[in-house]
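Per-entry structural report
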Amino acid sequence: MGIHYNEEHRLFHLQGPNTSYIIQLNKNGVPMHAYWGRKVSDAPWVGMLNFQERASFSPNPYPEDRTISFDTLPQEYPAYGSSDFRHPAYQVQLEDGSTITELTYVEHRISSGKPQLKGLPSTYAENDSEAHTLELELQDEKSGLRVMLIYSVFAEHDAIVRSVKLKNKGNTTLRLLRALSGSVDFRHDKFHFLQLSGAWSRERDMFRRQVVPGIQSVESRRGSSSHQQNPFIALVSPNTDEEQGEAYGFSLVYSGSFIAQAEVDQFRTTRVTMGINPFDFEWRLEAGQEFQTPEMVMVYSGAGLGGMSRIYHRLYRSRLCRGIHRDRTRPVLVNNWEATYFQFNADKIENIAKVGQELGIELFVLDDGWFGHRDNDDSSLGDWKVDYRKLPGGLADLAERVNRLDMQFGLWFEPEMVSPDSDLYRAHPDWCLHVPDRRRTEARQQLILDLSREDVCEYLIESIGSVLRSAPITYVKWDMNRNMTEIGSALLAPERQRETAHRYMLGLYKVLETITSEFPNILFESCSGGGGRFDPGMLYYMPQTWTSDNTDAVSRLRIQYGTSMVYPISTMGAHVSAVPNHQVHRMTSLKTRGDVAMSGNFGYELDLTQLTDLEKDQIKAQVQQYKEIRHLVQFGDFYRLRSPFEGNDTSWMMVAGDGSEAFVVYVRVLAEPNAPLDWLKFKGLDPDAKYQVGDEEALYGGDQLMYAGLAIPKLDGDYQSYTWRLIKK
Ligand code: DGJ
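The structure contained in this document is the topic of the report that follows. Every value quoted in this text rests on a predicted model; they were computed, and no experiment measured them. (Residues numbered from 1 in each chain as written. Predicted model: local features only at pLDDT ≥ 70, side-chain atom pairs only at ≥ 80, totals over all residues. Heavy atoms only, no water.)

1. Overview of the site of the ligand
- With respect to spatial proximity, 13 residues lie near the ligand, and among them Asp-367, Asp-368, Lys-477, Asp-479 and Asp-549 are the closest.
- A distance of 2.6 Å separates an oxygen atom of the ligand from a polar side-chain atom of Asp-367.
- Separating an oxygen atom of the ligand from a side-chain N or O atom of Arg-444 is a distance of 2.9 Å.
- Within the complex, the protein chains bury 98% of what would otherwise be the 290 Å² of accessible surface of the ligand.
- Of the residues that constitute the shell around the ligand, the class distribution is four nonpolar, three polar and six charged. (Near = heavy atom within 4 Å. Polar contact = N/O pair within 3.5 Å; in protein donor to acceptor, adjacent residues only side chain to side chain. Areas by Shrake-Rupley, 256 points an atom, 1.4 Å probe, with all protein chains shown as cover. Nonpolar A, V, L, I, M, F, W, Y, C, P; charged D, E, K, R; others polar.)

2. Structural notes on unusual backbone geometry
- Cis geometry is adopted by the peptide bond preceding Pro-580, which originates at Val-579 and carries an omega value of -10 degrees.
- With respect to the element layout, Pro-580 can be found in the loop between β30 (572-577) and α10 (590-597).
- Backbone geometry places Ser-83, a non-glycine residue, at a positive phi of 100 degrees.
- By secondary structure assignment, the location of Ser-83 is in the loop between β4 (31-38) and β5 (90-93).
- Classification of Ser-83 as buried rests on a relative accessible area of 7%.
- A positive phi angle is found at Ser-201, which is not glycine, with a value near 70 degrees.
- Counting through the fold element by element, Ser-201 comes out in the loop between β12 (192-199) and β13 (202-210). (Helix = DSSP H or I, 4+ residues; strand = E, 2+ residues; numbered from the N terminus. Buried < 20%, exposed > 50% of the residue type's maximum accessible area, 1.4 Å probe, protein only.)

3. Notes on the pairing of strand β11 (residues 182-186)
- β11 sits mainly inside the fold: five of its five residues count as buried.
- Neither face of β11 is open: one carries Gly-182, Val-184 and Phe-186, the other Ser-183 and Asp-185, and all of them are buried.
- Note: β11 against strand β18 (residues 270-276), five bridges, orientation antiparallel. Counted as the bridge partner of Val-184 is Val-272 from β18. (Pairing = 2+ DSSP bridges.)

4. As for the packing of aromatic side chains
- Applying the stated rule across the entire model yields 36 aromatic pairs.
- Ring plane angle 20 degrees and centroid distance 5.4 Å describe the contact between Tyr-509 and Tyr-541, whose orientation is recorded as stacked. Here Tyr-509 is found in helix α7 (residues 500-518), whereas its partner Tyr-541 is found in helix α8 (residues 536-541), with 32 residues between them in sequence. With respect to burial, Tyr-509 and Tyr-541 carry one shared label: buried.
- Between Phe-602 and Tyr-604, the ring centres sit 5.2 Å apart and the planes meet at 75 degrees, which makes this aromatic pair edge-to-face. (Phe/Tyr/Trp six-rings, centres within 6.5 Å; stacked < 30°, edge-to-face > 60°.)

5. Quick word on the packing of α10 against helix α11 (residues 613-635)
- At a minimum axis separation of 11 Å, α10 and α11 run at an interaxial angle of 20 degrees. It follows that α10 is roughly parallel to α11 by the angle criterion. α11 is crossed by α10, and the crossing has right-handed handedness. Two secondary-structure elements touch here, α10 through Leu-590, Lys-591 and Gly-594 and α11 through Glu-615, Gln-618, Ile-619 and Gln-622. (Axes fitted to C-alpha atoms, helices over the stretch in contact; angles between N-to-C directions. Parallel < 35°, antiparallel > 145°, perpendicular 65-115°, else oblique. Left-handed = near helix turned anticlockwise from the far one by under 90°. Contact = heavy atoms within 4.5 Å.)

Structure below.
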């Protein structure tokens, strides 16, 4: 375990618990990618790179050796322009206008622990024994460009995490045209490409296709990771399924525009690159300055997609998410958005909270509409001052009324935005992203504050902070409801305008770091019209995300299943809402809505004062049930049993790390006449143990439950669900 350097072969061997990653310097000091996959022993590893002379269309940079062409060799951080025709990992323009650079070895350091990335979110080690880091320093002698490739491995997690620091050690300005977080050259193209794509209210659908020569990519140009594409891809063997086969995952710890692509070349090798989207990006590096790329988290699993996801879940849950809530069970909440939208007053809120308290709900969240004069979405973003028409006693009074019911109080903000109809915009019309003398395109009648500016960030820290200090607030929903247009900043010089989008992200991360550090007891949940910014970058600051604005139980099967490819269940907000559902107008039972929402951070998003007594009884029982299983949902291992992308039913289960208990959810979408008997096989249990299933007296063997399975009970009607609680005896 750890990182070993073999001096004789100039080879770096990075080892995780079950994974090896090997880098070898060629005779000219260019780092080559030798291997990534199942763990191999720490032998000298000769013959990892194969050199072959090719036709003249793969040129030879060293005339004395016609077997070498960068066009055919697997590299660690490839350049363009000197014989490699594939997409490069970086590109730098020098003052003379040229873009040719060549990186060769200078020195390396291997150390215990893992350094944090300046100004950017990343995975972390809590102490030095948890991780090892390799810093591989390269240089382009002529330009003074220094590039440090930074790799860390963990003792407990099978992930290779990497980023790059580009430094200007020369005395001229360097223009970074592309600075990706990493590149991996695979020896072959026997892969399927997996991506999570969608739109508002149908986030993270899974798509899987065979790779073919050329480029297959996902990217965001929206200034946000986006609903449309998630900053994640996987390359998997054609036969890989949930339980077996190789899977290589790539996840980017970044919340802005990104690219992730796989390029299959003429020799059927596959290059994966990932990082900040070079589209509309440029960064000027003055003499002495450096640029840190976001972190890329690469996971290898020989145990299928399920194995890959569980590695991501454990790593992100414990070494990406931070703060006191990381390891605490999360409260059951009720949110008033779908209950009232903008039309509420303090009494209405108190009444909802009162019923919530009777049903066992622990937290009330006041959503949009409590500030300025926001009776609809036309105004007031930026003016974070309470609306006394709706809340005559102010926020503190309302929070105290909720607290008196023995419930916590949470509040919604959309800090990054400004409404043209706001005092803030009237006072500072240049504080939004914009381009002089061009249209300022609105979305939901709002513009985006220019977080690349320090004064704007300071305003946010101060105005949000003063609200949070003004009342006993224990939870914040941090929303963001549009993407960037006319990306420009009033304060940046013309030649730096293309830095705006990334500088915005750095500003946002700074604001989040400051506010979450100042209020460590508050539980923060990020949101972007639901899951428009469900990415590892946001999870570093806020340990949970509102998964989707779509609360329909059937739609949620796909959304939550797709999201679980990378993100832990403890990061997903999932609420029961009213029927007909407000997004798709579907009728589903309260039971099914509850069973689906229980596979996440559970809550309600409906007017509790409108419930019948029967519904109240059902909800009380649901809340009670969730409290009994939430440690499994939030800290257990997740196994997918049936995919909503493949059939009429969906099933998954959460198992305690030691196999001592589990909770299984099954949902069948459409009823089938005279249906065959169906058996559901569980996973992740202790095969040698006996389990109690629900309140049945007879005990079942873990092996029986996994290998023979249980018959799914007869379910009548569409959209039906069933759950099993298993306890090891
Ligand atoms: C979008 C969010 O996703 C919703 O949950 C709600 O908070 C609205 N914004 C409020 O405007």
